[in-house]
Amino acid sequence: MKDFVYYTPTRVVFGKESEEQVATLVQQFGGSRVLVHYGGGSARRSGLLDKALALLKRAGIHTVELGGVVPNPVLSMVRRGIELCRNEQVDFILAIGGGSVIDSAKAIAYGVCYDGDVWDLWAGKARPQACVPVGCMLTIPAAGSEMSSSCVITNDETPHPLKRGVNSDLCRCKFAIMNPERTFTLPPYQTAAGATDIMMHTMERYFCRFDDMPLTDALAEGLLRTVRDSAIEVLRNPTDYRHRAQIMWAGSLAHNDLTECGYEKDFATHRLEHELSAMFGVTHGAGLAALWGSWARYVMPRHVNRFVQFAVNVMGVTCDFADLERTAMLGIEAMEQWYRQIGMPTSIVELLDRPVTDEEIATMVQTASRGGTITLGSIEALDTEAMTAIYHIANH
Ligand code: NZQ
Ligand code: ZN
């Protein structure tokens, strides 16, 4: 078991009436001049954007709008936001959307407080020292950015786009408003990709070097079973409030470090996926589903017991005590079967409709390993050879 600090400062306001509190919450955290940041149109279409603007206006809060955040949010938008915030003397940023909008808001918030080129923070040239306060109204349960310390941005100014994350408690949302009804309009693909990302945030902590925290295991396994079942239910009935609510809350708990207590992050699949979404612009959750089975097959033989525990406690596989490795493999296959059931890919070809070339794999490995200077993961440290092998296993 690893020593740990558990810090989750975000005030969660959850439920059907939660949106009514937006102005009070903004004011409570010092906001009087607010950047309202949103994506490509879903927040406007649903009426949530107009509702939030009206509530802020009624409370006498000055607002500036910046929409158009794309999935896998980009640096050029972050720069626009920083300039706007400085010109308008913004003191609070309200993100209305999903992980992409929230991450773009967090990046702008860092950038406003940073004197140099904001990309320095992702390039590892500087650490964040300050951040404008950020709050959010979540519309898609997936990335967990509403409670996480992470901010993932794609540099669209380099010849090969670079997708990078930076972690700091400074950017954690002051509040997260979550109304599961707002997720009723999510298309099946986004619903499924979101559920996959939630599962993966938990599994990336479950499969680590440690396995001696039964309480953390129980929380993780309960969360995984819940998302597994609720995803099927909401794909059948998109307006099922109870199951939408389970997924929404699970999305936050999966990435607010609760299922990391005593353990540590692996996140190798995430790092390998970030290369796929940087190069091909794929949906993050779908990219994770395409890679996980290959990662699992690669590492499982040296961690059979942990994979057996996952197979039995999460995927409901019956343990074959005479052949534990077979039980472990059945768990991996059951997980992949779930991906297929919800419409997610289980290989790169299913994701992209074509295999990636050897050159593309080499580029992704080069970028993921920072030119061969770092390894990925904690259950096993994956070197460039291992990364290459996993991309090849997934390339069918
Ligand atoms: O742009 P709009 O029109 O709003 O449409 C969005 C977008 O196309 C749509 N959408 C959102 N809410 C909707 C809706 N459509 C209908 N009804 C609604 N209620 O869904 C699409 C995807 O939105 P996006 O915000 O991109 O999804 P997600 O929350 O999955 O975020 C993905 C981004 O987060 C990063 C990913 O890498 C990716 O860039 N991550 C951030 C993390 C963090 N900060 O902690 C951790 C994650 O591992 C992840 O890396
Ligand atoms: Zn993720």
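Residues numbered from 1 in each chain as written. Chains lettered and ligands numbered in written order. Predicted model: local features only at pLDDT ≥ 70, side-chain atom pairs only at ≥ 80, totals over all residues. Heavy atoms only, no water.

Engineer: How do you make sense of the overall build of the protein chain when you look at a structure like this?
Structural biologist: What the protein chain contains, in helices and strands, is 16 helices and eight strands. Relative to the 2.2 N^0.38 estimate, which gives 21 Å for 396 residues, the radius of gyration of the protein chain is 20 Å and therefore close to what a compact globule would have. For the protein chain, buried positions account for 58% of its 396 residues. Pairs at least 24 residues apart make up 77% of the contacts formed inside the protein chain by residues separated by at least 6 positions. (Helix = DSSP H or I, 4+ residues; strand = E, 2+ residues; numbered from the N terminus. Rg over C-alpha atoms; globule rule 2.2 N^0.38 Å. Buried < 20%, exposed > 50% of the residue type's maximum accessible area, 1.4 Å probe, protein only. Contact = heavy atoms within 4.5 Å.)

Engineer: Please explain the coordination of the zinc ion (ligand 2) as it appears in this structure.
Structural biologist: Ideal values differ by geometry: the angle at a metal is 109.5 degrees with four tetrahedral donors, but 90 or 180 degrees with six octahedral donors. The protein atoms that coordinate the zinc ion (ligand 2) are D197 (OD), H201 (NE2), H270 (NE2) and H284 (NE2), at distances of 2.0 to 2.2 Å. Each donor residue of the zinc ion (ligand 2) lies on the same chain, and together they follow the pattern D-x3-H-x68-H-x13-H. Of this pair, D197 sits in helix α7 (residues 188-206) while H270 sits in helix α10 (residues 268-280), and the two are 73 residues apart along the sequence. Each of the two residues, D197 as well as H270, counts as buried. (Donors = N, O, S within 2.8 Å, 3.2 Å for Na, K, Ca; no water.)

Engineer: Is there a simple way to think about the site of ligand 1 in this case?
Structural biologist: Around ligand 1, a shell composed of 31 residues is seen, among which G40, S42, G99, S100 and S148 lie nearest. With respect to ligand 1, the side chain of S42 contributes an N or O atom lying 2.6 Å from an oxygen atom. A distance of 2.8 Å separates a nitrogen atom of ligand 1 from a polar atom in the side chain of D103. Within the complex, the protein chains bury 89% of what would otherwise be the 970 Å² of accessible surface of ligand 1. Elements represented by at least two residues in the shell around ligand 1 include exactly α5 (99-112), β6 (150-155), α7 and α10. Composition of the shell around ligand 1 by domain shows at least three residues from each of domain 1 (11-182) and domain 2 (187-394). (Near = heavy atom within 4 Å. Polar contact = N/O pair within 3.5 Å; in protein donor to acceptor, adjacent residues only side chain to side chain. Areas by Shrake-Rupley, 256 points an atom, 1.4 Å probe, with all protein chains shown as cover. Domains from an automatic or database assignment.)

Engineer: Quick question: what am I supposed to make of the side chain of D266 here?
Structural biologist: Summarising the element assignment, D266 is placed in the loop between α9 (241-253) and α10. Although D266 is buried, it makes no salt bridge; R209 carries the closest opposite charge, 8.4 Å away. Within the structure, the side chain of D266 is placed 2.9 Å from the backbone nitrogen of I379, a separation counted as a polar contact. Not counting the four nearest positions on each side in its chain, D266 is found in contact with E204, F207, W295, G377, S378, I379 and E380. (Lys, Arg positive; Asp, Glu negative; His and termini not counted. Salt bridge = Lys/Arg side-chain N within 4 Å of Asp/Glu carboxyl O.)

Engineer: Before we go on, may I ask you to explain the domain arrangement of the protein chain in this structure?
Structural biologist: Think of interface size as the accessible area that goes away when the parts come together; that is how it is often given. What the domain assignment reports for the protein chain is domain 1 (11-182) and domain 2 (187-394). On a C-alpha basis, the centres of domain 1 and domain 2 stand 27 Å from each other. With 26 residues of domain 1 at the contact, the number on the domain 2 side is 27 residues. Three residues, P141, H160 and K163, lead the burial of domain 1 against domain 2; their summed loss comes to 24% of the area buried on that side. Where domain 1 packs against domain 2, one counts one salt bridge. Of the charged contacts in the structure, one is a salt bridge between R172 and D257, with a shortest N-O distance of 3.2 Å. Counting every contact that joins domain 1 to domain 2 gives four residue pairs in polar contact (both at pLDDT 80 or more). Those elements that provide at least two residues to the side of domain 1 that touches domain 2 are β1 (11-14), β6 and β7 (162-167). With three residues, β7 is the largest single contributor of residues to the side of domain 1 that touches domain 2. (Buried area = accessible area lost by both parts, 1.4 Å probe.)

Engineer: Help me understand the sheet that holds strand β4 (residues 92-97) in this model?
Structural biologist: Across a sheet, strands are paired by hydrogen bonds formed along the backbone, either parallel or antiparallel in direction. Strand order in the open sheet formed by six strands is β1-β8-β5-β4-β2-β3, and the pairing between neighbours is parallel. Both outer strands of the open sheet, β1 and β3 (62-66), are each paired with one neighbouring strand and no more. For this sheet the average axis-to-axis angle between neighbouring strands, irrespective of direction, equals 20°. Here strand β2 (residues 33-38) pairs with β4 via five bridges, running parallel. In the sheet register, V36 faces β4, and the bridge partner there is L94. (Pairing = 2+ DSSP bridges. Axes fitted to C-alpha atoms, helices over the stretch in contact; angles between N-to-C directions.)

Engineer: Looking at this structure, how should I read the packing of aromatic side chains?
Structural biologist: Two aromatic rings are characterised by how far apart their centres lie and by the angle between their planes. Considering all chains together, one arrives at 15 aromatic pairs under this definition. Taken together, the ring pairs connect Y206, F207, W292, W295, F307 and F310 into an aromatic cluster. In this arrangement the basic side chain of R302 is found over the ring face of Y298, its NZ or CZ atom lying 5.5 Å from the centre. (Phe/Tyr/Trp six-rings, centres within 6.5 Å; stacked < 30°, edge-to-face > 60°. Lys NZ or Arg CZ within 6 Å of the ring centre and 35° of its normal.)

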